[in-house]
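Observations on chain architecture
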Amino acid sequence: MMHKLFFLVSFLAAGTSLSYGNPGSIPDENSGLSKSVPAQGLLNRDDLTAGGSLFHPFSAGERDSILKQVQSCELPSQGEHAGTRASVHDSYRFFPVIEAYKNEAGDRSFRPTKDAVCLDETQQTYYLASFSDHSNFKKEDNPDMYEANKEVFGQKFADEMVRRYKEKKWIVSFVSEEGNMYNAIRYAVETSDDGSFFALKPLEHSIEVCYFKDGKPFICKKGTDGNIAGKALQ
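All of these numbers come straight from a predicted model, not from anything done at the bench.

Moving on to the nonpolar core. Counting residues in each nonpolar core, the largest one holds 20 residues, and the members touching the most others are Val117, Tyr126, Met181, Ile185, Phe197, Val209 and Cys220. Residue assignment for this core shows that the elements contributing at least two residues are β3 (92-102), β4 (108-120), β5 (125-131), α6 (180-191) and β8 (208-213). No other element matches α6, which puts six residues into this core. Ala116, Ala129, Phe131 and Trp170 belong to the second largest nonpolar core, which has 13 residues in total.

It is worth spelling out the pattern of salt bridges at this point. A side chain with one charge may pair with a side chain of the opposite charge, provided their charged atoms come close. Applying the stated rule across the entire model yields eight salt bridges. The closest approach of N and O atoms between Asp64 and Lys68, which form a salt bridge, is 3.4 Å. On the criterion of helical spacing, the pair formed by Asp64 and Lys68 is a turn pair, its members being four residues apart in helix α2 (residues 60-74). On the basis of relative accessibility, which here comes to 54%, the residue Lys68 falls in the exposed class. Here Arg111 ties to Glu99 by a salt bridge, and the two come within 2.7 Å at their closest N and O atoms. Remark: Glu99 occurs in strand β3 and Arg111 occurs in strand β4; sequence separation between them is twelve residues. Taking relative accessible area as the criterion, Arg111 reaches 12% and is therefore assigned buried. Residue Glu99 is classed as buried on the basis of its relative accessible area, which comes to 8%. One connected set of salt bridges, linked through shared partners, spans Arg45, Asp193 and Asp194.

What counts and how
- Residues numbered from 1 in each chain as written.
- Predicted model: local features only at pLDDT ≥ 70, side-chain atom pairs only at ≥ 80, totals over all residues.
- Heavy atoms only, no water.
- Core = buried A, V, L, I, M, F, W, Y, C linked by side-chain atoms within 4.5 Å.
- Buried < 20%, exposed > 50% of the residue type's maximum accessible area, 1.4 Å probe, protein only.
- Helix = DSSP H or I, 4+ residues; strand = E, 2+ residues; numbered from the N terminus.
- Salt bridge = Lys/Arg side-chain N within 4 Å of Asp/Glu carboxyl O.

Set out below in structure tokens:
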């Protein structure tokens, strides 16, 4: 029974809230977005604002889907305030995530993604929303998990879990205050021209936090002394 319940927990956990680890390893789900900027041209702040070539305009439905998952992370810890927090959508701010990739010529370029870093301004907590399309998932893709759910809870429950997983478009991860990403975000916010930042999915490694200072792009790097410092984004 415990072995079967492990499959259930694994299935329920797939595509739900996780502590921040290495989202940079998430497979590319954004390659269908056509807009891009060659890396040879220095990134411009306007590229990352509404109407810019690297800006993904989240629809109301997309924002709602992401925020429902964000709030599912928050509400269990909200206690008696959970009922009032559920309706507060305007307290969240979205920051863009762009991706570095090699174009057909083998040169590095940037393109927009459907990922975002979300800030709950009432608590100064951050969440990484990583886009992942599971719409083609079938129970045959993980038969052991499906059969374990079916045997323990019945076919109706197992089918419902498959349906819910197929509908989930974003994996939301809490950015721990003890992690490097949180420290980089706070540095970027305090150092940037306008208190904002953006995130970069590089060709290798995990997601990096970037910002604009004096109109030029910088990337946050942890030095040998353990402190965060900004370096020119090449």
